[in-house]
Each structure stands twice: as structure tokens, then as C-alpha cells.
Amino acid sequence: MKHFLSAFSVVCLCATIGQAGDLAIYAKNVDDRVDIYYNGAHQASCTWAKNPGCNTGVNGSASGTIEVRFKLTNFVYKGVCLLGKGKCGKAAGDFYIEHNGAVIWSEGFAARDNTEGVKFDRTLTCNLSTNTCK
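Basis of the calculations
- Residues numbered from 1 in each chain as written.
- Predicted model: local features only at pLDDT ≥ 70, side-chain atom pairs only at ≥ 80, totals over all residues.
- Heavy atoms only, no water.
- Helix = DSSP H or I, 4+ residues; strand = E, 2+ residues; numbered from the N terminus.
- Buried < 20%, exposed > 50% of the residue type's maximum accessible area, 1.4 Å probe, protein only.
- Contact = heavy atoms within 4.5 Å.
- Areas by Shrake-Rupley, 256 points an atom, 1.4 Å probe, with all protein chains shown as cover.
- 1 Å grid on protein atoms, 1.4 Å probe; cavity = no way out; pocket = protein on both sides within 12 Å on 5 of 7 lines; lining within 4 Å.
- Points joined across faces, edges and corners; volume = space filled by probe spheres on them.
- Nonpolar A, V, L, I, M, F, W, Y, C, P; charged D, E, K, R; others polar.
- Pairing = 2+ DSSP bridges.
- Core = buried A, V, L, I, M, F, W, Y, C linked by side-chain atoms within 4.5 Å.
- Phe/Tyr/Trp six-rings, centres within 6.5 Å; stacked < 30°, edge-to-face > 60°.

A. Layout of the overall build of the chain. Within the chain, the secondary structure is distributed over 0 helices and 10 strands. By the burial criterion, 40% of the 134 residues in the chain qualify as buried. Nonlocal contacts in the chain, meaning residues at least 24 apart in sequence, comprise 67% of its contacts between residues at least 6 apart. When the accessible surface of the chain is split by element, carbon and sulfur atoms take 50% of a total near 7,400 Å².

B. Structural context of the layout of surface pockets. Here the largest pocket is characterised by a volume of approximately 270 Å³. Of the residues that constitute the lining of the largest pocket, the class distribution is 7 nonpolar, 3 polar and 4 charged.

C. Spatial organisation of the sheet that holds strand 6 (residues 65–74). Taken in spatial order, the 5 strands make up an open sheet running 4-3-6-9-10, and their pairing is antiparallel. Whereas interior strands pair on both sides, the edge strands pair on one side only; in this sheet they are strand 4 (41–47) and strand 10 (132–133). Strand direction decides the pairing type here: strand 3 (residues 33–38) and strand 6, joined by 6 bridges, are antiparallel. Each bridged residue has a counterpart across the sheet, and for Ile36 the counterpart in strand 6 is Phe70.

D. Focus on the nonpolar core. Among the nonpolar cores identified, the biggest contains 26 residues, and Leu23, Ile25, Ile66, Phe70, Phe95 and Ile97 are the most heavily contacted of them. Elements that contribute at least two residues to this core include exactly strand 2 (21–31), strand 3, strand 4, strand 5 (54–62), strand 6, strand 7 (90–99), strand 8 (102–112) and strand 9 (117–127).

E. Representation of the packing of aromatic side chains. In this structure the tally under the stated criterion is 5 aromatic pairs. Both rings, one in Phe70 and one in Trp105, keep their centres 5.5 Å apart while their planes meet at 20°; by these two values the pair is stacked. On the criterion of sequence distance, the pair formed by Phe70 in strand 6 and Trp105 in strand 8 is long-range, its members being 35 residues apart. By the burial criterion, Phe70 is buried, and Trp105 matches it. Connected via pairs of aromatic rings, a cluster forms that spans Phe70, Phe95, Trp105, Phe109 and Phe120.

Spatial relationships are all this shows, so hold off on functional conclusions.
In C-alpha cells:
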């Protein structure tokens, strides 16, 4: 995780109950744009510029129950396509939530899709006392 810290926006993710632990919320290999929300507030984003994709996230301290949202948006690819009509353009990303150095939730998404719009939109409620997200 330390090699990503320079790409992260450092934000205090503080809760008011219980003893706080280290929390990291991040996305890797994003194509085209990801937005990350913590308890309803926008915290980080990145937009694809070249392969293999962009990476972003936030880290800080939190406890109790939190809400995390990952929203992946695709843009229409209008460049040269050597794969054939309809085979260029995609939406992709790998999404993670870590608590005290352990991944407590992750999911990858990839779709060959050249239409504009939100392709992945996941809101999770995580209980940091039990390290579960649903």
C-alpha cells in the first residue's frame, strides 16, 4: 500500500465512536473515471489518460460503521480501433477497502462497452468492528 501513498489524497476519515483504526479506500487500473465517496462526501477521483489506467484513493482513521461508494463512468472512445467495430472502448476498475492493513472488501469490474455513462455504482456499508461490508 505504501507505494500508492503519493497518488492518494490524504483525508481524515474520522468517526466519533470506538477506537479508530487505519482505513484505506482506493481504486486501481481505472478506465475511464472513478469517483470515491466516504459517508456521502466526494473524496477522490481520477480519469484514465493512458494504459494501464489511473489509481486514486484516500486513507485515514475510522471506526464504527461507514459508507463507501465507488462510481465508475465510461466515456465514448473515438480513437483508432484495430479490434473492429464495437470492440474498442471499455469500462474497468479494481476497488478496495482496507482496515488495519487487511482487505475487507474488493471487487473488480470490466466490460467491453463503448457507450457513455455509469457502468459500476456500488455503495457499501462497512462495520469496522467486524470488518464486514455489504
